[in-house]
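Each chain, written out:
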Amino acid sequence: MTDLTSNFLGIKSPNPFWLASAPPTDKAYNVIRAFEAGWGGVVWKTLGEDPHIVNVNGPRYGAIHGRDRNLLGLNNIELITDRPLEVNLKEIKQVKRDWPDRALVVSLMVPCEEKNWIDILKRVEDTGADGVELNFGCPHGMSERGMGSAVGQVPEYIEMVTRWCKENTKMPVIVKLTPNITDIRKPAQAAKNGGADAVSLINTINSIVGVDLDVMAPTPTIDGKGAHGGYCGPAVKPIALNMVAEIARDPATAGLPISGIGGITTWRDAAEFMALGAGNVQVCTAAMTYGFKVVQDMIDGLKEWMGEKGYTSIDEFVGMAVPNCSDWQNLNLNYVTKAKIDQDLCIKCGRCHIACEDTSHQAITAMVDGARHFEVIDEECVGCNLCVNVCPVENCITMEPMTSGVDPRTKQPIDNKFADWTTHPNNPNRVMEAAE
Amino acid sequence: MADVLSAPDIRAGRLSPEDYLKNFDDIHPPLDRHEASVEADRCYFCFDAPCTIACPTSIDIPQFIRQIQTGNPVGAAKTIFAENILGGMCARVCPTETLCEEACVRNEAEDKPVKIGLLQRYATDTYMDKVSGSHFTRAAPTNKKIAVVGGGPASLSCAHALALKGHDVTIFEAREKLGGLNEYGIAAYKTVNDFAQREVEFLLSVGGIKVETGKALGRDITLSGLRGEYDAVFLGMGLPGVNALNAEGEDLSGAIDAVAYIAELRQETDRAKLPVGRKVVVIGGGMTAIDIAVQTKRLGAEEVTILYRRGQDAMKASRYEQELAQTNGVLIREWFQPKRLIGEGGHVVAIEAERTAVDANGRLSGTGETERFEADQVFKAIGQTFIADPVTGGSDALELDAGRIRVDDARKTSLDKVWAGGDCVAGGEDLTVAAVEDGKLAARSIDEALAG
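All of these numbers come straight from a predicted model, not from anything done at the bench. (Residues numbered from 1 in each chain as written. Chains lettered and ligands numbered in written order. Predicted model: local features only at pLDDT ≥ 70, side-chain atom pairs only at ≥ 80, totals over all residues.)

**Notes on the overall build of chain B**
Alright, step 1. When you go through chain B residue by residue, the secondary structure sums to 19 helices and 19 strands.
Alright, step 2. For the C-alpha atoms alone, the extent of chain B along its principal axes is close to 75 × 60 × 50 Å.
Alright, step 3. Across the 452 residues of chain B, 48% fall into the buried class.
Alright, step 4. The long-range share in chain B, meaning contacts at least 24 apart out of those at least 6 apart in sequence, stands at 71%. (Helix = DSSP H or I, 4+ residues; strand = E, 2+ residues; numbered from the N terminus. Buried ≥ 20, exposed ≤ 12 C-beta atoms within 10 Å, placed from the backbone. Contact = placed C-beta atoms within 7 Å.)

**Structural notes on the overall build of chain A**
Alright, step 1. Secondary structure assignment for chain A yields 12 helices and 20 strands.
Alright, step 2. Seen through its C-alpha atoms, chain A measures out along the principal axes to roughly 75 × 65 × 45 Å.
Alright, step 3. Counting across all 436 residues of chain A, residues that qualify as buried make up 44%.

**Observations concerning the packing of helix 11 (residues 153–164) of chain B against helix 19 (residues 432–451) of chain B**
Residue and element names in this part refer to chain B.
Alright, step 1. Close contact between helix 11 and helix 19 brings their axes to 7 Å; oriented N to C, the two are set at 35 degrees. The two elements helix 11 and helix 19 meet at a crossing, and its hand is right-handed. Across the interface between the two elements, P153, A154, S155, L156, S157, C158, A161 and L162 of helix 11 pack against T432, A435, V436, D438, G439, K440, A442, A443, I446 and D447 of helix 19.
Alright, step 2. Grouping the amino acids of the contact of helix 11 with helix 19 by side-chain chemistry returns 11 nonpolar, four polar and three charged. (Axes fitted to C-alpha atoms, helices over the stretch in contact; angles between N-to-C directions. Left-handed = near helix turned anticlockwise from the far one by under 90°. Nonpolar A, V, L, I, M, F, W, Y, C, P; charged D, E, K, R; others polar.)

**Points about the domain arrangement of chain A**
Alright, step 1. Domain assignment breaks chain A into domain 1 (6–324) and domain 2 (328–423).
Alright, step 2. Centre-to-centre, using C-alpha coordinates, domain 1 of chain A lies 40 Å away from domain 2 of chain A. (Domains from an automatic or database assignment.)

**Some remarks on the sheet that holds strand 13 (residues 347–358) of chain B**
Residue and element names in this part refer to chain B.
Alright, step 1. Read from one edge to the other, the open sheet built from three strands follows the order 12-13-14, with strand pairing classed as antiparallel. Only two strands of the sheet have a single neighbouring strand rather than two, namely strand 12 (336–344) and strand 14 (364–374). Averaged over neighbouring strand pairs, the angle between their axes works out to 25 degrees when direction is ignored.
Alright, step 2. Across eight bridges, the pairing between strand 13 and strand 14 is antiparallel. Within strand 14, the position partnered with A357 by the bridge is S365. (Pairing = 2+ DSSP bridges.)

**As for the sheet that holds strand 7 (residues 103–108) of chain A**
All names here are of chain A.
Alright, step 1. Taken together, eight strands build a closed barrel; the order of strands is 3-4-7-8-9-10-15-16 and the barrel is parallel. Looking at each pair of strands side by side, their axes are set apart by 25 degrees on average, direction ignored.
Alright, step 2. For strand 8 (residues 131–135) and strand 9 (residues 173–176), the ladder comprises four bridges, and the chain directions are parallel. Bridge assignment links L134 to a residue of strand 9, and that residue is V175.
Alright, step 3. In this fold helix 3 (residues 114–125) packs onto strand 4 (41–47), strand 7 and strand 8, with an angle of close to 160 degrees to the strand it touches most, strand 7.
Alright, step 4. Lying over the sheet, helix 7 (residues 237–249) contacts strand 10 (198–201), strand 15 (258–261) and strand 16 (278–283), oriented at roughly 165 degrees with respect to strand 15.

**What about the interface of chain B and chain A?**
Alright, step 1. Across the contact, 10 residues belong to chain B and 12 residues belong to chain A.
Alright, step 2. Residue composition of the side of chain B that touches chain A, grouped by class: seven nonpolar, no polar and three charged.

**A closer look at the packing of helix 5 (residues 61–69) of chain B against helix 10 (residues 116–130) of chain B**
Residue and element names in this part refer to chain B.
Alright, step 1. Their axes nearest at 10 Å, the elements helix 5 and helix 10 cross at an angle of 60 degrees. Here helix 5 lies oblique to helix 10, going by the angle between them. Every pair of crossing elements has a handedness; the one defined by helix 5 and helix 10 is left-handed. Where helix 5 approaches helix 10, its residues I61, F64, I65 and I68 are matched on the opposing element by I116, L119, Y122 and A123.
Alright, step 2. Grouping the amino acids of the contact of helix 5 with helix 10 by side-chain chemistry returns eight nonpolar, no polar and no charged. (Parallel < 35°, antiparallel > 145°, perpendicular 65-115°, else oblique.)

**Observations concerning the confidence of the model for chain B**
All names here are of chain B.
Alright, step 1. Across chain B, the average pLDDT comes to 95, with 98% of residues at or above 70.
Alright, step 2. Across residues 1–5 the pLDDT falls below 50, and counting only partners more than four positions away or on other chains, this stretch makes one contact in the model.
Alright, step 3. Reported for the predicted complex are a pTM of 0.91 and an ipTM of 0.86. (pLDDT = per-residue confidence, 0-100.)

**A few points about the pairing of strand 6 (residues 71–76) of chain A**
Residues and elements named next belong to chain A.
Alright, step 1. Where strand 5 (residues 61–65) and strand 6 come together, five bridges link them in antiparallel fashion. Its bridge partner being in strand 6, H65 is matched across the sheet by L71.
Alright, step 2. Connecting strand 5 to the next strand, strand 6, in antiparallel fashion are five residues, including D68 with a positive phi near 60 degrees.
Alright, step 3. Here three bridges tie strand 6 to strand 14 (residues 229–232), and the two strands are oriented antiparallel to one another. The residue bridging N76 from the neighbouring strand is G230, located in strand 14.

**Section: the domain arrangement of chain B**
Alright, step 1. Split by domain assignment, chain B resolves into domain 1 (33–130), domain 2 (145–240 + 386–451) and domain 3 (242–383).
Alright, step 2. Taken over C-alpha atoms, the centre of domain 1 of chain B sits 34 Å from the centre of domain 3 of chain B.

**Details of the environment of V132(A)**
Residues and elements named next belong to chain A.
Alright, step 1. As for its position among the elements, V132 is in strand 8.
Alright, step 2. For the pair V132 and T46, spaced 86 residues apart in sequence, the C-alpha to C-alpha distance is 9.8 Å.
Alright, step 3. Apart from residues lying up to four places away in sequence, V132 is in contact with V105, V106, L108, L121, V124, C165, T169, M171 and V173.

**Regarding the nonpolar core**
Alright, step 1. One finds F234(B), L235(B), V282(B), A293(B), V378(B) and F379(B) to be the most contacted residues of the largest nonpolar core, which totals 149 residues.
Alright, step 2. If one sorts the elements of this core by residue count, helix 19 of chain B sits on top with eight residues.
Alright, step 3. When neighbours within four sequence positions are excluded, L235(B) is seen to be in contact with V149(B), G150(B), V391(B), I405(B), V418(B), A420(B) and C424(B).
Alright, step 4. Counting residues in each nonpolar core, the second largest holds 97 residues, with F8(A), F17(A), M147(A) and I314(A) among its members. (Core = buried A, V, L, I, M, F, W, Y, C linked by C-beta atoms within 7 Å.)

**Comments concerning the environment of A12(B)**
Residue and element names in this part refer to chain B.
Alright, step 1. Among the secondary structure elements, A12 is positioned in the loop between strand 1 (10–11) and helix 2 (17–23).
Alright, step 2. Spatially, the C-alpha atom of A12 lies 5.8 Å from that of A272, the residues being 260 residues apart in sequence.
Alright, step 3. The contacts of A12, once residues within four sequence positions are left out, are A272, K273, L274 and P275.

**Focus on helix 2 (residues 85–98) of chain A**
Residue and element names in this part refer to chain A.
Alright, step 1. Counted at 1.5 Å a residue, the expected span for helix 2 with its 14 residues is 20 Å, and the 20 Å between its end C-alpha atoms agrees.
Alright, step 2. All of the buried residues in helix 2 are N88, I92 and V95. The buried residues of helix 2 occupy one face: seen down the axis, they fall within an arc of 75 degrees. Those residues of helix 2 that are exposed and aimed more than 90 degrees away from the buried face are E86, R97 and D98.
Alright, step 3. Among the structural elements, helix 1 (28–37), strand 4 and strand 7 are those in contact with the buried residues of helix 2. (Expected span 1.5 Å × (residues − 1). Arc of directions from axis to C-beta.)

**Brief notes about helix 10 of chain B**
Residues and elements named next belong to chain B.
Alright, step 1. With 15 residues, helix 10 should reach 21 Å at 1.5 Å per residue; the first-to-last C-alpha distance of 21 Å fits that figure.
Alright, step 2. Three or more residues of helix 10 are buried, namely I116, G117, L118, L119, Q120, R121, Y122, A123, T124 and Y127.
Alright, step 3. Contacts from the buried residues of helix 10 go to helix 3 (33–40), helix 4 (50–54), helix 5, helix 6 (73–83), helix 7 (87–93) and helix 8 (100–103).

**Topic: unusual backbone geometry**
Residue and element names in this part refer to chain A.
Alright, step 1. The amide bond that connects L201 to the next residue, I202, takes the cis arrangement and shows omega of 10 degrees.
Alright, step 2. The residue I202 is located in the loop between strand 10 and strand 11 (205–207) in this model.
Alright, step 3. At D223, a position not held by glycine, the phi torsion is positive, near 50 degrees.
Alright, step 4. Relative to the helices and strands, D223 is located in the loop between strand 13 (217–219) and strand 14.
Alright, step 5. Although it is not a glycine, K411 sits at a positive phi angle of roughly 65 degrees.
Alright, step 6. Along the chain, K411 turns up in the segment after strand 20 (397–402).
Alright, step 7. Note on K411: 8 C-beta atoms within 10 Å, which makes it exposed.

**Here we look at the environment of M298(A)**
Residue and element names in this part refer to chain A.
Alright, step 1. As for its placement among the helices and strands, M298 is situated in helix 10 (residues 294–309).
Alright, step 2. For M298, a count of 27 C-beta atoms within 10 Å puts it in the buried group.
Alright, step 3. In this structure, the C-alpha to C-alpha distance between M298 and T81, residues 217 residues apart in sequence, is 27 Å.
Alright, step 4. When near neighbours in sequence (up to four residues on either side) are disregarded, M298 contacts F17, T266, W267 and A270.

Written out as structure tokens, the structure is:
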């Protein structure tokens, strides 16, 4: 039996799909709808101190669209909850009471004084919530007031605030990290040093999503002006995956639980985050684009896939791809691949040819014997994979490893022995083999 | 009394005013901005695109679709007009299913090409709405004079290209209006809102083109006269003649030349004034046959039957057009040839047709078995012919090939200073878009000849 039950820091939920702290989790009304739709848990939208903050009354979101207005990236300038603290706390308490099997974590952001954190922690504890997430990530508005990413960008602050929280509550403490930093391992290490039970990442990325060329101002435009916002959605997934992997394979933070966030739209996205070490995932943009129902295929698809692979619980595959995350210098330089075009699937659009011809290695024909024909020239193919990526037909072009014979390009025999940059003769810093 | 009973049921105003409007409205409504953007997104921007290769005028299709994608429809139209100045009409009448859209690589994967014709229409319509006049500018005057005979697509294309090169062009057109088949042929629902004339106005707005209507070659002007007066002559008279049925009763009232009827229909703004029979028989298998059959059906004829002497596969009308006729309720009867028209009181009442078959040698012949089809009107749509007299008489005689003007690859005729294109030349495809290409090629050749 495939079991999707998640146990993250002792917080149990029927599945690993939580809604991230964001507009969809700002009120009991939304959260109840999410639970009814099947979401395993929520991180309640960030609470702050009273007087509650205010939001702009103009547009808060901007987007990048793909073909057919497929929403690829979303940018927002919304701040933390703009409702009184007491209202939120009352609703959290009621929802947790009514939905005891779901995870309910509360996101927090208050000024960097120990007393402020102690006060709010006590009040959250009274609601019966399962844990807290420290919002050190929001890149707009709150950061200008010394909160959010302003804290997340200074590892010393992260460690300090995390320690205050750990010393003042029994609830699990998750530290949410900002990606607007050079080396994500530093804030993660700081969180761990401060005693964090887990990190969650990524928060949104600083962004200007577009420029209104009539008004000559960034979009979304508020009375002729725009401010940078936070970018999220499918477009940020690769950035988030890398940051999750960086933390998962850093010896200093190895084993620190991770809640994966960043453009997760499908069960496959979720499985990828989990393979790279995330114990569960948090979703926002997919829900904001399609509604809460998207969780149903996330649950079903993950279950189907796990069943196919023979995994009975999510712990069995969490982190399985981490050992295969390597540095470039350790990649096998003796591994040779050539692109291969399946002529039965080829629709003869010629994009592989022009991409290779104009921008790469002149390794794909356009014409053979006077007929339109696209075929890889093994003598020129470096195995770069660009043709695979630009081909509109899935699996039409594949990369085929060479395991024997001679590479027609380099004229060198295929060597099945592993050899990486560290020992390559062109590497001035190569590891010298022991002298005879 | 007998005469009254057998009198043909032909009358105008069979339908309500709303029905006429509906029946003769745009058959393929244009894409709106959203639809165009969704459709444009389907284009793969192919390398050396098969659609462009399939287009007789070589329009850079991936480029103009990309321009639509990026919100630059006027630029898209300019890309189209650069190769095909009648891109607006071609978007409406081209048999795209056998040209660009047949070549679309989307067919390989999903049997559903990008709607290139409708996207071309979106771009050119947007241009016509947004741009007043023309974005083209003429080269410095060359003081060369060129006569263009005929005002159809080949001539218009040639005249425009020559005007751009700085030459002075005069178009001689026998009828009242320019446009040729765009104006006088083509089913009305394919080119609504007087598009043919709006396109002519756009084309002429570049300047340098003088128009003389009511001037027919051989009647008002002569080839030798034009050769003497002008530096070059382009002939694009089309096919002004029609084939005869060569069947008994052809002269009966109610036996009508489909080409002439369509011309009348195109010029009549009030379709309720057009008389149409209750039962209509059309003879032929080309585009004219389809156009007259569908249009008479839409004018209120109850039964419209096309008689074609071979199987449907042999029809010159595309399969798509055949299906259009059939979905409009037209019955296509294949393997029938007309034997005689039966009249009463001088008016056709029926047609007797003979079944045909192909013998072992591939020869078509009658089987002797006949069938009678009741008809209030019989439309003859069995092909148009070139009338060679004006270009074969006297010292300025042109060489012909299979009854049409012989031209070389550059559309040059056998006679010095004379080029030709469109349906009147041998080997023509009887397509608007092919005529446009002829005019373009001839203009290029004329310009080179005049420069030399």
